[in-house]
Amino acid sequence: MKRKNFRETMSLSWLIFVESIKSFINNDSYQTAANLAYYGFFSLIPLLLLVVILLSNLTLSSEQVLKGTQTLAEEIMPQSSEVLLKEISTLAAKRIWGLYSMIALLWIIIPFASALRSAFAQVFKMEQTIGFVKEYLLSVVAAFALLVLFLVLVITRIVYSIVLVNIVAAFPIVQYAATVVPVAVSLLFVGFFFFVFCPVKLTKQELVIGSLITTILFFVIRPIFVMILRINPDFGYAFGSLKAIFVLTVWVYYSFLVVLFGSEVMANIRRRDALLVRGLFLGRAGVPKKRSPFLAKFVRAYDVDTILFEKGDPGGEMFYILSGSVAVKNNGATIRTLGAGDYFGEMAMLLNEPRTATIAIASPGTQLVAVSQNNFETLLRENPAIVRSILKDMALRLKATTQQL
């Protein structure tokens, strides 16, 4: 049993991974990452500058703040942090940063926050139903949350460096375990990032798995990127004095590719039930569609003459016939018999109206797949081929009814 459950878990994980790759390509994530890299590049200096200014005005010394910012910059911007921090330290040293200046810096970050929210809305297939003012206010809140996140990260690194020096001095063996802390902090960073910018309420499972995959990919691509730069030190040579900016932009671009793929994984975990029943609705009308090996959790078996629902009952779900048949009845008379490959109950479910007929199980060994309204709406929203298939089925039903009349 445990081996079977393990195989099913691995198969489901593989399905989610494959679907994540497909949706990553279909959503044109390469173009989206390029847009985010553009906004992110112009927002990075104002963001880090705000961090340095705000923390320097606290009890922390400017030297500690710059050191903590440097540690963070080295982690997220390999081979480019020195140039960026030199610019930030020069700007921060100027005594021109009042309240209005800091608000202006935050305002520069808002387009980046808005682009992030739009990118995640595309990944999770969210329909934009809010107005411009509310959308802008949400982007302001997201920009502020991003600033708070970077403040916390820099403070964490300052505290970590101080505490680590003292602990290692007393217990040298601790330095080996200390390598785990940056990984844990990065994982928390990514998790909070997704929590802020994802347009849906993520479950703990979705958030943890997506954050873990994203963090792992970051730790994989970082040494590869550094290795490429070491092997090819002339990378970006054509940009001359702007080489550091070019390298930074390329790194930011690949970073957002990782972030978008992690969000695709979370989105497909979220819609996994819809993925499992999707194959039922692809194919020719009246012919049993593709059956997924993961459908067992949705399958219900019924005895003959069992009344599935009565006319006038509320319709909260629809049904697909895997095997056997059902009778559609009205006022006690059978008006139609549906067999394997047919589905029913979708109209009452979509319209939130009572059932228009009574359904009774017509043959022994009948197996039905229950499809919830949420899963069905996900299928219709994300799969045009299924919409065409269902419209074709409905047209054939209407044609048959017209001929009977």
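Residues numbered from 1 in each chain as written. Predicted model: local features only at pLDDT ≥ 70, side-chain atom pairs only at ≥ 80, totals over all residues. Heavy atoms only, no water.

*Asks:* Mind laying out the packing of helix α9 (residues 204-231) against helix α10 (residues 243-270), listing which residues take part and the relevant values?
*Replies:* Viewed as axis vectors pointing N to C, α9 and α10 meet at an angle of 155°, and their least axial separation amounts to 9 Å. Viewed along their axes, α9 and α10 adopt a mutual orientation that is roughly antiparallel. Every pair of crossing elements has a handedness; the one defined by α9 and α10 is right-handed. (Axes fitted to C-alpha atoms, helices over the stretch in contact; angles between N-to-C directions. Helix = DSSP H or I, 4+ residues; strand = E, 2+ residues; numbered from the N terminus. Parallel < 35°, antiparallel > 145°, perpendicular 65-115°, else oblique. Left-handed = near helix turned anticlockwise from the far one by under 90°.)

*Asks:* Can you tell me about the sheet that holds strand β3 (residues 317-323), naming the residues and giving the values?
*Replies:* Reading across from one edge, β1-β8-β3-β6 is the order of the four strands in this open sheet, with antiparallel pairing throughout. The strands lining the two open edges of the sheet, one partner per strand, are β1 (299-302) and β6 (343-344). Examined bridge by bridge, β3 and strand β8 (residues 366-372) share six bridges and lie antiparallel to one another. Pairing of E317 across the sheet is with S372, part of β8. Helix-sheet contacts for helix α13 (residues 373-382) involve β3 and β8, and the interaxial angle to β8 is about 75°. (Pairing = 2+ DSSP bridges. Contact = heavy atoms within 4.5 Å.)

*Asks:* Explain the side chain of R355 residue by residue, including any values.
*Replies:* By secondary structure assignment, the location of R355 is in the loop between α12 (346-351) and β7 (358-361). E317 provides the closest opposite charge to the buried, unpaired R355, separated from it by 5.9 Å. In this structure the side chain of R355 is engaged in a polar contact, spanning 3.0 Å, whose partner is the backbone oxygen of G345. Beyond its immediate chain neighbours, meaning those up to four positions away, R355 contacts F309, E310, K311, G312, D313, P314, G315, G316, E317, F319, G345 and A348. (Buried < 20%, exposed > 50% of the residue type's maximum accessible area, 1.4 Å probe, protein only. Lys, Arg positive; Asp, Glu negative; His and termini not counted. Salt bridge = Lys/Arg side-chain N within 4 Å of Asp/Glu carboxyl O. Polar contact = N/O pair within 3.5 Å; in protein donor to acceptor, adjacent residues only side chain to side chain.)

*Asks:* Talk me through the packing of helix α2 (residues 29-56) against helix α5 (residues 99-123); I want residue IDs and the actual numbers.
*Replies:* Two elements in contact, α2 and α5, have axes whose closest approach is 9 Å; the angle formed by their N-to-C orientations is 145°. Crossing angle aside, the handedness with which α2 passes α5 is left-handed. Judged by residue contacts, T32, L36, Y39, G40, F42, S43, P46, L47, L49, L50, I53 and L54 of α2 engage M102, L105, L106, I108, I109, P111, F112, A115, L116, A119 and Q122 from α5. Its residues assigned to classes, the contact of α2 with α5 shows 19 nonpolar, four polar and no charged. (Nonpolar A, V, L, I, M, F, W, Y, C, P; charged D, E, K, R; others polar.)

*Asks:* Could you give an account of the pairing of strand β4 (residues 325-330), with specific residues and numbers?
*Replies:* Within a regular strand, side chains alternate between the sheet's two faces. In this structure, β4 lies alongside strand β5 (residues 333-339), joined through six bridges in antiparallel fashion. Residue K329 lies in a different strand from β5, and its bridge partner there is T334. Once β4 ends, the chain turns through two residues before running back antiparallel as β5, passing N331 with a positive phi of about 55°. Note: β4 against β7, four bridges, orientation antiparallel. Bridged to A327 within β7 is A360.

Everything listed is a geometric property; what it means functionally is a separate question.
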